[in-house]
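Spelled out from the first residue to the last, the chains are:
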Amino acid sequence: MKKVSLDALTRELMVKATSASSRRAASAVYGGHEHALRQTLIALAAGAELSEHSNPGEATVHVLSGRVELLSGDDVWSGMTGDLLVVPDAPHSLRATTDAAVLLTTVVTSA
């Protein structure tokens, strides 16, 4: 069994994100290339963005702290602490409107 404190990891990554030129930091929480299920904690300083990218399979974004916007085409979904956003099966991006931390959960389907 493995236990991870998402609160502690969020604090650690937020320090890294606010000092990084990209204004973001991330750490794998569970999974990897040998697993279909993957969870990644991503800290974003206010204004930071994950640029538009494709969806490799099913995915959700659980907002652990702060506020974010998930954008796909003309659609924008706002999320704040406690919200779970379902990532559309289309190109999308994620932007932090305040300092924010999210838990990205993906299930990668084989091609």
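Residues numbered from 1 in each chain as written. Predicted model: local features only at pLDDT ≥ 70, side-chain atom pairs only at ≥ 80, totals over all residues. Heavy atoms only, no water.

## Here we look at a nonpolar patch on the surface
Spelled out, the test is: Only residues whose relative accessible area exceeds 30% and that form no salt bridge enter a patch; like-charged residues are grouped when within 9 Å of one another, and nonpolar side chains (Val, Leu, Ile, Met, Phe, Trp, Tyr) when within 5 Å. Residue exposure ignores everything except the shown protein chains as possible cover, and the areas themselves are Shrake-Rupley values with a 1.4 Å probe. Salt bridge criterion: a side-chain nitrogen from Lys or Arg within 4 Å of a carboxyl oxygen from Asp or Glu. Helix and strand labels come from DSSP, where a helix needs a run of H or I of at least four residues and a strand needs a run of E of at least two; each type is numbered from the N terminus.
Among the surface-exposed residues, Tyr 30, Leu 37 and Val 107 lie close enough to one another that they form a single nonpolar patch of about 230 Å² accessible area. Relative to the helices and strands, Leu 37 is located in strand 2 (residues 37–44).

## Side note on the environment of Asp 89
Our working definition: Partly exposed residues are those whose accessible area sits between 20% and 50% of the maximum for their type, while under 20% is buried and over 50% is exposed, using a 1.4 Å probe and protein chains only.
Position of Asp 89 relative to the elements: it lies in the loop between strand 7 (84–86) and strand 8 (92–96). The class for Asp 89 is exposed, based on a relative accessible area of 71%. Considered as a pair, Asp 89 and Lys 3 are 86 residues apart in the sequence and their alpha carbons are 31 Å apart.

## Quick look at the side chain of His 92
The condition that has to hold: Each polar contact in these results corresponds to two N or O atoms within 3.5 Å; when the atoms are within protein, one needs to be able to donate a hydrogen and the other to accept it, and residues that are neighboring in sequence are counted only if both atoms are side-chain atoms. Residues are treated as being in contact if the distance between any of their heavy atoms lies within 4.5 Å.
Mapped onto the fold, His 92 is located in strand 8. Accessibility expressed as a relative area gives 6% for His 92, which makes it buried. A distance of 2.9 Å separates a polar atom in the side chain of His 92 from the backbone oxygen of Ala 90. Not counting chain neighbours up to four residues away, the residues in contact with His 92 comprise Ser 51, Glu 52, His 53, Ser 54, Asn 55, Leu 70, Leu 71, Ser 72 and Val 87.

## A look at the side chain of Thr 105
Its place among the elements puts Thr 105 in strand 9 (residues 100–108). Residue class for Thr 105 comes out buried when judged on its relative accessible area of 17%. In this structure the side chain of Thr 105 is engaged in a polar contact, spanning 3.1 Å, whose partner is the side chain of Gln 39. Ignoring anything within four residues of it in the chain, the contact list for Thr 105 reads Leu 37, Arg 38, Gln 39, Glu 58, Ala 59 and Thr 60.

## Examining the sheet that holds strand 8
Heads up, the rule is: Only when DSSP finds a minimum of two bridges between them are two strands counted as paired. Each axis is a line fitted through C-alpha atoms, taken for helices only over the stretch in contact, and angles between the N-to-C directions span 0 to 180 degrees.
Spatial strand order, 3-8-5-6: four strands in an open sheet with antiparallel pairing. Strands at the two margins of the open sheet, each flanked by one partner only, are strand 3 (49–53) and strand 6 (75–80). Averaged over all adjacent pairs, the angle separating strand axes in this sheet is 15°, with direction ignored. For strand 3 and strand 8, the ladder comprises three bridges, and the chain directions are antiparallel.

## Considerations on the pattern of salt bridges
Following the criterion strictly, the structure yields two salt bridges and no others. A salt bridge links Glu 12 to Lys 16; the nearest nitrogen and oxygen atoms lie 3.7 Å apart. Here Glu 12 and its partner Lys 16 are both found in helix 1 (residues 6–19), four residues apart, which amounts to about one turn of the helix. For Lys 16, a relative accessible area of 44% gives the class partly exposed. Residue Arg 95 pairs with Glu 69 through a salt bridge whose shortest N-O separation is 2.5 Å. Of this pair, Arg 95 sits in strand 8 while Glu 69 sits in strand 5 (residues 67–72), and the two are 26 residues apart along the sequence. A residue is classified by how much of its surface remains accessible, and Arg 95, at 28% relative accessible area, is partly exposed.

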